[in-house]
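Analysis of the macromolecular model
Residues per chain, in single letters:
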Amino acid sequence: MLGADMSTARSSRRWAVLLAAVLLLLPPAAGTAWADDLYEIDLRLQYAGFDSAYSEAYDAADADGVRVLVDFVSRSETRATYEGEAREISRLIWLHLEGRVLAVDVAPLTTAPWADGELPPALSFTRQDLQQAHGLRVPGLDAADIDSVEDNALFALGLGGGLLLVVLGATVGITVAVMHARCRRAHPPPGWNGYGVQAQPAGPHAWSSAPGGWPPAPAPTAPPAAAAPDSTPGARPTAVDPPWRLPSGG
């Protein structure tokens, strides 16, 4: 019984974690198809093979839009490979990040052998560069309010916190139910034997819940005593003369 309850608790936690992952990977319901916020674009970049990719968006002071900075761990062994990584990152940002993107800056987090053990230089791609290299953006991406990126981030945090509370609540509830069931088995109510079976009334054929099965056979009863002879005068036996008394008249 206890093992089944604990298995149910583990299954509930697994389903809750899976649900949280699916909800976080889904695109915003009100956004454009293929649109990603900052959290989702990081997941997309990491899925594409860019380890520890982390994006930040900064409002431009002289234009309507944002400048996006992406940090990542470069695996390049040559400068040409590194530049190819930066171009692919900027392409994914350009095609999928919601909001008006004015520029993309790509900066590595680790040193590279081809850069004499130093950090490779950051590479920047302007809006014109991105449009020439990858074409026009998906309709609706530029029209998305850039504030929705922050709103989606807060929504993701709130959703994650809510799911965490649900998981904790389910775990606590199952634990309390298991402990309550164990307490009931340890202290059964009157008339029950502690195993969910009502105690049978005492009798010569009653089952016993104690180890040993049947109760001991009852001791044999003594046979009833013989009835005393009737003491009424009419039933009293006739007196017999003793053998030494001689008959009279002789």
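Let me begin by describing the structure that accompanies this report. Computed from a predicted structure; not experimentally measured. (Residues numbered from 1 in each chain as written. Predicted model: local features only at pLDDT ≥ 70, side-chain atom pairs only at ≥ 80, totals over all residues. Heavy atoms only, no water.)

Some details on the overall build of the protein chain
Scanning the protein chain from N- to C-terminus turns up 5 helices and 4 strands. Starting at the N terminus and walking to the C terminus, you meet the elements of the protein chain as α-α-β-β-α-β-β-α-α. Here the protein chain holds 250 residues, and 27% of them are scored as buried. In the protein chain, the share of contacts with a sequence separation of at least 24, taken over all contacts with a separation of at least 6, comes to 60%. Summing over all exposed atoms, the protein chain offers an accessible surface of approximately 17,300 Å²; the carbon and sulfur share of this is 62%. (Helix = DSSP H or I, 4+ residues; strand = E, 2+ residues; numbered from the N terminus. Buried < 20%, exposed > 50% of the residue type's maximum accessible area, 1.4 Å probe, protein only. Contact = heavy atoms within 4.5 Å. Areas by Shrake-Rupley, 256 points an atom, 1.4 Å probe, with all protein chains shown as cover.)

Comments concerning the packing of helix α2 (residues 38-47) against helix α3 (residues 79-96)
In contact at an axis separation of 11 Å, α2 and α3 are set at 140° when each is read in the N-to-C sense. Here α3 runs oblique to α2, going by the angle between their axes. The way α2 lies across α3 gives a crossing that is right-handed. Only Ile89, Leu92, Ile93 and His96 of α3 make contact with α2, whose side of the interface consists of Ile41, Arg44 and Leu45. Within the contact of α2 with α3, the residues separate by chemical class into 5 nonpolar, 1 polar and 1 charged. (Axes fitted to C-alpha atoms, helices over the stretch in contact; angles between N-to-C directions. Parallel < 35°, antiparallel > 145°, perpendicular 65-115°, else oblique. Left-handed = near helix turned anticlockwise from the far one by under 90°. Nonpolar A, V, L, I, M, F, W, Y, C, P; charged D, E, K, R; others polar.)

Observations concerning the packing of α3 against helix α4 (residues 127-134)
The geometry of α3 relative to α4 is characterised by a closest axis approach of 10 Å and an angle of 90° between their N-to-C directions. When the axes of α3 and α4 are compared, the pair comes out roughly perpendicular. Packed against α3, whose contacting residues are Arg87, Ser90, Arg91, Trp94 and Leu95, the element α4 presents Arg127, Leu130, Gln131 and His134 at the interface.

Describing the pairing of strand β3 (residues 101-108)
Most of β3 is tucked away: 8 of the 8 residues are buried. The sheet contact formed by strand β2 (residues 66-72) and β3 spans 7 bridges and is parallel. In the sheet register, Asp71 faces β3, and the bridge partner there is Ala107. Summarising the sheet, β3 and strand β4 (residues 123-126) pair through 4 bridges and their orientation is antiparallel. (Pairing = 2+ DSSP bridges.)

Regarding the packing of aromatic side chains
Using the criterion set out here, one finds 2 aromatic pairs in the structure. Summarising the aromatic geometry, the rings of Phe50 and Phe72 are spaced 5.9 Å apart at their centres and angled 85° between planes, so their arrangement reads as edge-to-face. With Phe50 in the loop between α2 and β1 (54-59) and Phe72 in strand β2, this residue pair connects regions lying 22 residues apart in the sequence. A ring pair is formed by Tyr82 and Trp114, whose centres lie 5.7 Å apart and whose planes are at 40°; its orientation type is tilted. (Phe/Tyr/Trp six-rings, centres within 6.5 Å; stacked < 30°, edge-to-face > 60°.)

Details of the environment of Pro120
The topology assignment puts Pro120 in the loop between β3 and β4. Overall, the relative accessible area of 5% leaves Pro120 in the buried class. For the pair Pro120 and Tyr82, spaced 38 residues apart in sequence, the C-alpha to C-alpha distance is 8.3 Å. Leaving out residues up to four positions away in the same chain, Pro120 has contacts with Tyr82, Pro108, Thr110, Thr111, Ala112, Trp114 and Ala115.

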